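An overview of the molecular structure
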Amino acid sequence: MSQTKKIILGLDPGLADTGFGVIAKLGSHLSFIDAGSIRTAKSQNFIDRLVIIHRTVDQLIKKYRPDLIGVEKLYFAKNVKTALDVGQARGVTLLAIAQNHKDMVEFTPLQIKQTIAANGQATKKQVGLMVKTILCLRQVPRPDDAADALAAAITAAFFNKKLA
């Protein structure tokens, strides 16, 4: 039986920075394709920031045509306004996924940290170092949101039965 390469897009939604990471899975081997951050400025109108996030996620989906998208869930925030803003950014991200009819899985930060670093309390630095190791990269992906998005993609690759 021949194996087919699967493309996985990971997303770490946020209003100021929405991280994205794209990997390929062939059998049990994972490889890096791309990563970065969708940045919006505080000085921009709130609605315009949401439009930028939605449009860019839509463009990423169209460019890479992922077989699966892994999205980090918002599970806790100390600041209610921040949580609401991130929730709205997450909402336009999910809308882009739905409009493109893509399969999606969601993971809490705890699930991602446990998968990537075998420790639910892992720091961002530890997650970044493990992403670097798993994907055989020369350096830790920057910014942190990109490393987190790659971690979401890796978690999706490990736990989605459609990719097994």
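As shown above, the structure is provided for reference.
Below: a short report on this structure. All figures in this text were calculated on a predicted structure; none of them were measured in a lab. Throughout, a residue's number is its position along its own chain's written sequence, starting from 1. Confidence filtering applies because this is a predicted model: local features only for residues at pLDDT of at least 70, side-chain atom pairs given and counted only at 80 or more, and all residues used for totals across whole chains, interfaces and linings. Note: side-chain values were computed over all heavy atoms of the structure, leaving out hydrogens and water.

**A closer look at the sheet that holds strand β2 (residues 17–26)**
Strand pairing in a sheet takes place through backbone hydrogen bonds and is either antiparallel or parallel in direction. Rules: Strand pairing is assigned whenever DSSP detects at least two bridges linking the two strands. Per the convention used, a helix needs a DSSP run of H or I reaching at least four residues, while a strand needs a run of E reaching at least two, with both numbered from the N terminus. To define axes, lines are fitted to C-alpha atoms, for helices over the stretch in contact only, and angles between the resulting N-to-C directions are given on a 0 to 180 degree scale.
On the basis of which strands lie adjacent, the open sheet formed by 5 strands has the order β3-β2-β1-β4-β5 and mixed pairing. The strands lining the two open edges of the sheet, one partner per strand, are β3 (29–39) and β5 (104–107). Along the sheet, successive strands turn relative to each other by an average axial angle of 20°, direction set aside. When strand β1 (residues 6–12) meets β2, the two strands line up antiparallel, connected through 7 bridges. Bridge pairing in β2 links aspartate 12 to glycine 19.

**Examining the side chain of threonine 18**
Convention followed: Pairs of N or O atoms within 3.5 Å make up the polar contacts considered here, provided that, within protein, one atom can donate a hydrogen while the other can accept it, and that residues adjacent in sequence are counted only when both atoms are side-chain atoms.
Tracing the backbone shows threonine 18 in strand β2. A distance of 2.6 Å separates a polar atom in the side chain of threonine 18 from the backbone oxygen of glycine 14.

**Topic: the pattern of salt bridges**
Using the following cut-off: Each reported salt bridge corresponds to a side-chain nitrogen of Lys or Arg within 4 Å of a carboxyl oxygen of Asp or Glu. Only protein chains enter the accessibility calculation, which uses a 1.4 Å probe; a residue is then buried when its area is under 20% of its type maximum, exposed when over 50%, and partly exposed in between.
For the structure on display, the rule yields 5 salt bridges. Linking arginine 39 and aspartate 17 is a salt bridge whose minimum nitrogen-to-oxygen distance equals 3.2 Å. Of the two residues, arginine 39 is situated in strand β3 and aspartate 17 in strand β2; the sequence distance between them amounts to 22 residues. Judged by its relative accessible area of 54%, arginine 39 is exposed. For lysine 62, the salt bridge is made with aspartate 58, and the minimal N-O distance between the two is 3.0 Å. Placement of the pair is lysine 62 and aspartate 58 together in helix α1 (residues 46–64), with a separation of 4 residues, close to one helical turn. Note on aspartate 58: relative accessible area 18%, which makes it buried.

**Points about α1**
Selection criterion: To estimate how far a helix should extend, the number of its residues minus one is multiplied by 1.5 Å. Comment: arc refers to directions from the helix axis out to C-beta atoms. Throughout, a residue-residue contact means that at least one pair of heavy atoms, one from each residue, lies within 4.5 Å.
The terminal C-alpha atoms of α1, which comprises 19 residues, lie 27 Å apart, in line with the 27 Å expected from a rise of 1.5 Å per residue. Those residues of α1 lying buried are Arg49, Leu50, Ile53, Val57, Asp58, Leu60, Ile61 and Tyr64. The buried residues of α1 occupy an angular sector of 165° when projected down its axis, which confines them to one face. Among the exposed residues of α1, those oriented more than 90 degrees off its buried face are Ile47 and Lys63. On its buried face, α1 sits against β1, β2, β3, β4 (68–72) and α2 (80–99). Between the side-chain oxygen at the start of α1 and the backbone nitrogen of isoleucine 47 there is a gap of 2.8 Å, and the oxygen is on asparagine 45. Arginine 65 sits one or two residues past α1 and shows a positive phi near 45°.

Read these as spatial facts, not as claims about activity.
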